[in-house]
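Read off the chains here:
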Amino acid sequence: MELSESYKFIVKEIREVDSNNKIVSIMIHDLRTNIQIPHPITEFITVKYAYHGKSLNSQLLPARVVCRFLNYILKSIAEKDKLFMELSITGLKNLNLYHGSNYISHLTRKGLSRNTIKLYEGVLTNFFVFLSENHYINEKIEIEFNYYKDRRTVKSLFEKSHLQTKYPSSRKLNTILKLKDFGKNRYELMILFIQVARAVSPDIALGICFQFYGGLRRGEVVNVTKIDLEVIPNESMMVHIMDNRHILFPYLEDTSNEFPKRTNYLSPRLCKQTIIDIPLVWEVYFKHMDYLQNMKPKNKQALFINKDGNPMSGKVYDRRFNKVKKRFLEELLKQGRYEDYTLLSESYWSTHIGRGIYSNILFDMKLTPTQIAIARGDTNINSSMEYVDEKTTINAIKDNLPRITKLSEKYFQN
């Protein structure tokens, strides 16, 4: 195909004639006639993503990356860029790594974040490998691999020194967006995050459940002792939030990271938290209690302990959480969940995201703002409303539990 400024690459979802299933197609749009025709390069998306069981959404992002790259080539030809002019005659056959490197450097100059550019780089690496393996381009590409446990990934093709690819600084900017929730796919992502925690840092998996399904802050989690749990196995779970720093952390000079905030503004009677006890939460709970029994903590009252058997501090909990977060983001990339990866990798978030996630679960339950505030332990109201709304809130959570359980189990069982 002759490349020129008369064409534009676009992504469309179309239905197959035989099965009526939706598929992702890369189309060539003739700007002169307004005709859109499926382009053979769609084979890349089909072979590398659709055939590997990736969802439609997971196919859309790499398709868009490829289209943006191809449109950049068309634009460069229109602007008489010497690097690209040969492609106007030969088509994609003479496409090479310098073209890909030039595009990545262009994205860097545009100010895209490092995470976004690394995402683009990953798609373009797969794209060039596909083109080379199928002899669609003349350049012979040597492939090198990264190995991690039982997984193998292709190393970037564009980090080679002779290409001189420009990347953004790895330094974090102070203007980074602070994320308060996992977004529209929160239920699926919550389950995945907990499952990653169980594999990477099982000692905080229950704490993460408390945060996601109960809105506890980090300091409140590490303050929980065994006797603070009010549990009827497989029926209900309540956490009494107490200031146990004198019991658990007498050896720490500074316990600001372990401070259970709500004890500062709520009466002891209101310092308790109902945990949305879906089956996964119970599974994690029972596993955690077995873990404690086998570990034999030095402080018998501690619910969360470090590797030495001492009560886990807030700083250690943070480190564990960040370890889980790192593996979680890697897993999103591995699964081809590029939209979720972009959202979660380009924003700042830490343990406090659990409160935002919990708030959105309560919102999905259609609780009133007053009920949500009480369920989160955010505010104290007068005693008459306190009693009525507290009971209403607990009942609303119980009434909606089957629906939230069903939403969560859908992903837990996959």
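As the structure is a prediction and not an experimental result, all values here were calculated from the model.

So, the packing of helix H2 (residues 56-78) against helix H5 (residues 97-110)
Consideration 1: Packing of H2 against H5 leaves a shortest axis separation of 11 Å and a crossing angle of 100°. Classified by the interaxial angle, the pair formed by H2 and H5 is roughly perpendicular. The segment H2 lies against H5, with Arg68, Phe69 and Tyr72 engaging His99, Gly100, Asn102, Tyr103 and His106.
Consideration 2: Class assignment for the residues of the contact of H2 with H5 results in three nonpolar, four polar and one charged.

Digging into the pattern of salt bridges
Consideration 1: Scanning the entire structure with this criterion turns up 20 salt bridges.
Consideration 2: Close ionic contact of arginine 198 with glutamate 283 constitutes a salt bridge, the shortest N to O distance being 2.9 Å. One end of the pair, arginine 198, is in helix H7 (residues 186-200); the other, glutamate 283, is in helix H11 (residues 279-295), and 85 residues separate them in sequence.
Consideration 3: Owing to a relative accessible area of 24%, arginine 198 belongs among the partly exposed residues under this scheme.
Consideration 4: The residue arginine 245 makes a salt bridge to aspartate 243 at a minimum N-O spacing of 2.9 Å.
Consideration 5: The exposure class of aspartate 243 is partly exposed, given its relative accessible area of 31%.
Consideration 6: Here the salt bridges share partners, and the residues they tie into one network are Lys118, Glu121 and Glu159.

Overview of the nonpolar core
Consideration 1: Of all hydrophobic cores here, the largest spans 110 residues; its most connected members are Leu95, Phe128, Phe182, Phe210, Phe212, Tyr213 and Phe328.
Consideration 2: Element by element, the count of residues in this core is highest for H2, at twelve residues.
Consideration 3: Excluding residues that lie within four positions of it along the chain, phenylalanine 212 makes contacts with Phe182, Met190, Phe193, Ile194, Ile353, Gly354, Ile357, Tyr358 and Ile361.

Concerning the sheet that holds strand S7 (residues 229-232)
Consideration 1: In space, the three strands of this open sheet follow the order S7-S8-S9, with antiparallel pairing throughout. A single partner strand is all that each edge strand has here, and the edge strands are S7 and strand S9 (272-274). On average, each strand axis in the sheet is inclined to that of its neighbour by 15°, with strand direction left out of account.
Consideration 2: Pairing of strand S8 (residues 236-240) with S9 involves three bridges; the strand directions are antiparallel. Considered in S9, the bridge of histidine 240 is made with lysine 272.
Consideration 3: Its contacts with the sheet place helix H8 (residues 205-214) against S7, S8 and S9, and it is angled at close to 80° to S9.

Conventions used here
Residues numbered from 1 in each chain as written. Predicted model: local features only at pLDDT ≥ 70, side-chain atom pairs only at ≥ 80, totals over all residues. Heavy atoms only, no water. Axes fitted to C-alpha atoms, helices over the stretch in contact; angles between N-to-C directions. Helix = DSSP H or I, 4+ residues; strand = E, 2+ residues; numbered from the N terminus. Parallel < 35°, antiparallel > 145°, perpendicular 65-115°, else oblique. Contact = heavy atoms within 4.5 Å. Nonpolar A, V, L, I, M, F, W, Y, C, P; charged D, E, K, R; others polar. Salt bridge = Lys/Arg side-chain N within 4 Å of Asp/Glu carboxyl O. Buried < 20%, exposed > 50% of the residue type's maximum accessible area, 1.4 Å probe, protein only. Core = buried A, V, L, I, M, F, W, Y, C linked by side-chain atoms within 4.5 Å. Pairing = 2+ DSSP bridges.

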